[in-house]
Amino acid sequence: MANTLHFIHSYWAYLVLLIVVLATINALAGFFSKREYGAKDFRISLFALIVTHIQLLIGIILYVTSPLGLQNITNNGMGVVMKDSTFRLYAVEHPMMMILTVVFITIGYSKHKKNLLSNKKFKTLAIFYTIGLVLMLSRIPWSQWF
Ligand code: HEM
Ligand code: HEM
């Protein structure tokens, strides 16, 4: 179970990274060029929301099944996990930061939908998606992945 999920989570992450980067660049470009917000802009921001939500769901299930997730804390204790940077990354930092990423992207998406003016929509997306992206980049287990 954990192996299959690890495989899916690991490959789905390429899609998440790619789409969130594209949606963030699109929002920044839309904001700075002051162009009209269109169907294509809605689609890319929604797509970024959906792929990150799916990753969140896979991540949460992985967290309770993988030996590097919750089991590491319950078996070895929080003191041991916190002292080991790899353990801490998988059991604490990565999950916490990725949940925050999804929170930022979700708030950005919801708020942008309620804005009526194109430039406001792009501004909301640009701010929240950029913060989400930076948080995500900060705690991806790069050395084990890419
Ligand atoms: C642990 C799993 C998940 C959690 C906690 C979660 C949470 C949320 C929350 C809080 C919103 C509210 C956004 C708003 O205020 O409008 C939302 C929206 C949404 N979620 Fe998720 N989600 C999860 C999984 C998924 C999955 C697996 C999918 C896709 C298959 C998905 C697709 C969507 C879509 C499309 C919307 C936005 C609808 C819209 O307002 O246009 N979510 N989700
Ligand atoms: C939403 C964006 C996320 C991205 C881009 C992402 C990406 C990744 C990547 C690239 C790995 C390393 C895979 C490998 O070593 O091959 C990983 C591992 C892991 N992730 Fe995530 N993740 C996300 C969200 C989450 C969430 C929300 C949780 C839990 C609540 C989570 C839990 C885990 C766990 C426990 C591992 C280690 C699993 C193992 O090696 O057995 N991830 N993630």
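Just so we're clear, the structure is a prediction, and the values are computed from it rather than from any experiment.

**Q** What is the right way to read the UniProt feature "transmembrane region" (unreviewed entry) in the protein from this model?
**A** Residues annotated by UniProt as "transmembrane region" (unreviewed entry) correspond here to residues 12-32, 44-69, 89-110 and 122-142. Across residues 44-69 one finds 85% helix and 0% strand; the C-alpha atoms that close the span lie 31 Å apart. The straight-line gap between the two end C-alpha atoms of residues 122-142 is 30 Å; of that span, 81% is helix and 0% is strand.

**Q** Just to check I follow, could you spell out the site of ligand 2 for this structure?
**A** Around ligand 2 sit 21 residues, and of these H6, H9, S10, S66 and H94 come closest. A distance of 3.0 Å separates an oxygen atom of ligand 2 from a polar side-chain atom of S10. Within the side chain of H94, an N or O atom sits 2.8 Å from a nitrogen atom of ligand 2. Secondary-structure elements contributing two or more residues to the shell around ligand 2 are helix 1 (2-33), helix 2 (39-65) and helix 5 (85-114). When its residues are assigned to classes, the shell around ligand 2 shows 13 nonpolar, eight polar and no charged.

**Q** Got a minute to help me understand the coordination of the iron atom of ligand 1 in this structure?
**A** Around a metal, the ideal angle is 109.5 degrees if four donors adopt a tetrahedral arrangement and 90 or 180 degrees if six donors adopt an octahedral arrangement. Here the protein supplies the iron atom of ligand 1 with just one donor, H53 (ND1), and that contact is 2.1 Å long. For H53, the position within the fold is in helix 2.

**Q** For this particular structure, what's the right way to read the site of ligand 1?
**A** Taken together, the residues surrounding ligand 1 are L49, I50, H53, I54, L56, L57, I60, T106, Y109, S110 and K113. Contacts to ligand 1 include H53, whose side-chain N or O atom sits 2.9 Å from a nitrogen atom. Between ligand 1 and S110 there is a distance of 3.0 Å, counted from an oxygen atom to a side-chain nitrogen or oxygen. Within the residue set of the shell around ligand 1, elements represented by two or more residues are helix 2 and helix 5.

**Q** It is not clear to me how the coordination of the iron atom of ligand 2 should be interpreted in this structure. Could you clarify?
**A** Within the protein, H9 (NE2) and H94 (NE2) serve as the donor atoms for the iron atom of ligand 2, at 2.0 Å. One way to put it: the six donor atoms around the iron atom of ligand 2 meet at angles of 85 to 179 degrees, and that makes the site octahedral. Of this pair, H9 sits in helix 1 while H94 sits in helix 5; the two residues are 85 residues apart in sequence, bridging distant segments of the chain.

**Q** What should I look at first to understand the environment of F104 in this one?
**A** The topology assignment puts F104 in helix 5. Note on F104: relative accessible area 23%, which makes it partly exposed. Residues F104 and L117, spaced 13 residues apart in sequence, show a C-alpha to C-alpha distance of 21 Å. Not counting residues up to four positions away in its chain, the partners in contact with F104 are F128, I131, G132 and L135.

Thresholds, definitions, all that
Residues numbered from 1 in each chain as written. Chains lettered and ligands numbered in written order. Predicted model: local features only at pLDDT ≥ 70, side-chain atom pairs only at ≥ 80, totals over all residues. Heavy atoms only, no water. UniProt positions renumbered as here; feature names shortened; annotations may be inferred. Helix = DSSP H or I, 4+ residues; strand = E, 2+ residues; numbered from the N terminus. Near = heavy atom within 4 Å. Polar contact = N/O pair within 3.5 Å; in protein donor to acceptor, adjacent residues only side chain to side chain. Nonpolar A, V, L, I, M, F, W, Y, C, P; charged D, E, K, R; others polar. Donors = N, O, S within 2.8 Å, 3.2 Å for Na, K, Ca; no water. Tetrahedral: all angles 85-135°; square planar, octahedral: opposite > 155°, others 65-115°. Buried < 20%, exposed > 50% of the residue type's maximum accessible area, 1.4 Å probe, protein only. Contact = heavy atoms within 4.5 Å.

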